[in-house]
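Residues per chain are reported as follows:
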Amino acid sequence: MSEAPAVSIDQRMRADIAEAIFDQRLAPGTRLSEAGLGEIYGVSRTVVRKALFHLAADKLVDIRPNRGAIVWQPSPAEAHEVFTARRVLETSLLAESLPCMTPTDHAELDRILAADIAAHEAGDRQAMIRASGDFHRRLAAPANNSVLLAFLDELIGRSSLIVALYDTRDAAPCAHHDHAALLADIATGDVAPAQAALAAHLRDCQDRLVLDAPATETPALADLLRGPRRA
Ligand SMILES: [Zn+2]
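In this report, the structure presented in the accompanying data block is examined. All values derive from a computational prediction rather than experimental measurement. Sequence order sets the numbering: in each chain, residues are counted from 1 along the sequence as written. Predicted model: local features are reported for residues with pLDDT of at least 70 only, side-chain atom pairs are reported and counted for 80 or more only, and whole-chain, interface and lining totals are derived from all residues. With hydrogens and water excluded, all non-hydrogen atoms of the structure serve as input to the side-chain values.

## Some details on the overall build of the protein
Threshold: The numbering of helices and of strands both runs from the N terminus, where a helix is a DSSP run of H or I of at least 4 residues and a strand a run of E of at least 2. Accessibility here uses a 1.4 Å probe with only protein chains present; expressed as a share of the type maximum, an area under 20% marks a residue as buried, one over 50% as exposed, and anything in between as partly exposed. Computed with a 1.4 Å probe, the accessible areas rest on the Shrake-Rupley method; for each residue, only the protein chains presented here act as cover.
A tally of helices and strands in the protein yields ten helices and three strands. Scanning the protein from its N terminus toward the C terminus, one meets helices and strands in the order α-β-α-α-β-β-α-α-α-α-α-α-α. Put simply, the protein has 231 residues, and 45% of those count as buried. Total accessible area computed for the protein in this model is approximately 11500 Å², and 53% of it derives from carbon and sulfur atoms.

## What about the pattern of salt bridges?
Basically, it comes down to this: Any Lys or Arg side-chain nitrogen located within 4 Å of an Asp or Glu carboxyl oxygen qualifies as a salt bridge.
Going through the model one piece at a time under the given rule, you end up with twelve salt bridges. Between Asp 16 and Arg 12 there is a salt bridge; the shortest N-O distance is 4.0 Å. With Asp 16 and Arg 12 both in helix H1 (residues 5-22) and four residues apart, this pair spans about one turn of that helix. Members of the salt-bridge network, linked through shared partners, are Glu 34, Arg 45 and Arg 49.

## Overview of the nonpolar core
Soluble globular proteins tend to pack their nonpolar side chains together in the buried interior. Here is the rule: Take the buried residues of types Ala, Val, Leu, Ile, Met, Phe, Trp, Tyr and Cys, join any two whose side-chain atoms come within 4.5 Å, and each joined set is a nonpolar core. An automatic or database domain assignment is the source of the domain bounds shown.
Counting residues in hydrophobic clusters, the biggest one holds 45 residues, and the most contacted among them are Met 13, Ile 17, Leu 32 and Leu 37. Contributions of two or more residues to this core are made by H1, helix H2 (34-41), helix H3 (45-57), strand E3 (68-71), helix H4 (76-97), helix H6 (125-140) and helix H7 (146-165). Broken down by element, this core gets its largest block of residues, eight residues, from H7. When residues of this core are sorted by domain, at least three fall in each of domain 1 (5-73) and domain 2 (76-208).

## Side note on the packing of H4 against H7
Our working definition: Fitted lines through C-alpha atoms give the axes, limited to the stretch in contact for helices. The angle between two N-to-C directions lies from 0 to 180 degrees. Left-handed describes a crossing whose near helix is turned anticlockwise from the far helix by less than a right angle; the clockwise case is right-handed. In this description, contact between two residues means that some pair of their heavy atoms is separated by no more than 4.5 Å. Gly is placed with the polar residues, together with every amino acid not listed as nonpolar (Ala, Val, Leu, Ile, Met, Phe, Trp, Tyr, Cys and Pro) or charged (Asp, Glu, Lys and Arg).
Closest axis-to-axis distance for the H4/H7 pair is 10 Å, and the angle between their directions is 145°. Judged by the sense of rotation from one axis to the other, the crossing of H4 with H7 is left-handed. Side by side, H4 and H7 meet where Ala 79, Val 82, Phe 83, Ala 85, Arg 86, Leu 89, Glu 90 and Leu 93 of the first sit next to Leu 148, Leu 149, Phe 151, Leu 152, Leu 155, Ile 156, Arg 158, Ser 159, Ile 162 and Val 163 of the second. Taken together, the residues of the contact of H4 with H7 sort by class into 14 nonpolar, one polar and three charged.

## What about H6?
Filter applied, for reference: To estimate the expected span of a helix, subtract one from its residue number and multiply by 1.5 Å. Within 3.5 Å is the distance limit for a polar contact, defined as a pair of N or O atoms, with the added protein rule that one can donate a hydrogen and the other accept it, and that residues adjacent in sequence qualify only through two side-chain atoms.
End to end, H6 covers 23 Å across 16 residues, agreeing with the expected 22 Å (1.5 Å per residue, within 8%). Among the 16 residues of H6, twelve are classified as buried, and the element is accordingly described as predominantly covered. All of the buried residues in H6 are Arg 125, Gln 126, Ala 127, Met 128, Ile 129, Ala 131, Ser 132, Gly 133, Phe 135, His 136, Leu 139 and Ala 140. You can read the cap of H6 off the contacts: a side-chain oxygen lies 3.1 Å from the backbone nitrogen of Ala 127, and it is on Asp 124.

## A look at the packing of H4 against helix H9 (residues 191-208)
Condition: Oblique is the label for any angle not under 35 degrees, not over 145, and not in the 65 to 115 range, which are roughly parallel, roughly antiparallel and roughly perpendicular in turn.
It is at 9 Å that the axes of H4 and H9 come closest, and there the two elements cross at 165°. Compared by their axis directions, H4 and H9 come out roughly antiparallel. Crossing geometry of H4 relative to H9 is assigned as right-handed. From H4, His 80, Phe 83, Thr 84, Arg 86, Arg 87, Glu 90, Thr 91, Ser 92, Leu 94 and Ala 95 reach across to H9, where they touch Val 191, Ala 194, Gln 195, Leu 198, Ala 199, Leu 202, Arg 203, Cys 205 and Gln 206. Here the contact of H4 with H9 is composed, by residue class, of nine nonpolar, six polar and four charged.

## Details of the sheet that holds strand E2 (residues 61-64)
As a reminder, the rule being used: Pairs of strands are assigned from DSSP output, requiring at least two bridges between the strands.
Across the sheet, three strands lie side by side as E1-E3-E2; this open sheet has antiparallel pairing. Because the sheet does not close on itself, it has two edges, and the strands there are strand E1 (31-32) and E2. Where E2 and E3 come together, four bridges link them in antiparallel fashion. Residue pairing in the sheet places Ile 63 in a bridge with Ala 69 of E3. H3 rests against E1, E2 and E3 of the sheet, and its axis sits at about 115° to E2.

Note that every value here comes from positions in space, so none of it alone points to a role or purpose.
As structure tokens, then:
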């Protein structure tokens, strides 16, 4: 099976930009110039556009008429709306998913929690953000509703960006001890207390956001995407 090199470059560009956003190297509102990206990666604008459309579908990038693509810049109000929407959606999904959870689901949640703890110990912020999203997705997955799970996926992507952009008290998207406590509630199989614990956890995530506008100084794109990692 042969893969066109352009496809892998497109995927790498998408992953690089997402990583730069999660690592806070790319600030909200940073313009992602098609020509600039094309030059950095040595690809055509068509390839760049494809990567940008994927990032826009992930809600990490906003494509605006006359302004081109920019890193999504959620207002504090939008940030709150995203977390409120998650609370409504995730507590409802939990009522469907909890009674359907199998030992495999429980084992998978334990595995994700262990990965989250390891990420905290390593101080790997991107891995923490990923583990946090995976945990919430996995919690809802047994509900087996593809429409609601797609909504959730979008909300988790947007909240990852919000958490990456706005500092939180301890720089982590979710407190892993909250997830551990939540799993204890889930293990009882009792829907109401588990829903209450999940709602309280998401409210705490929301309260921990410091929604002051971050600085939007923008060094050259090439430095942000490929430059040596700064200490
Ligand atoms: Zn969480």
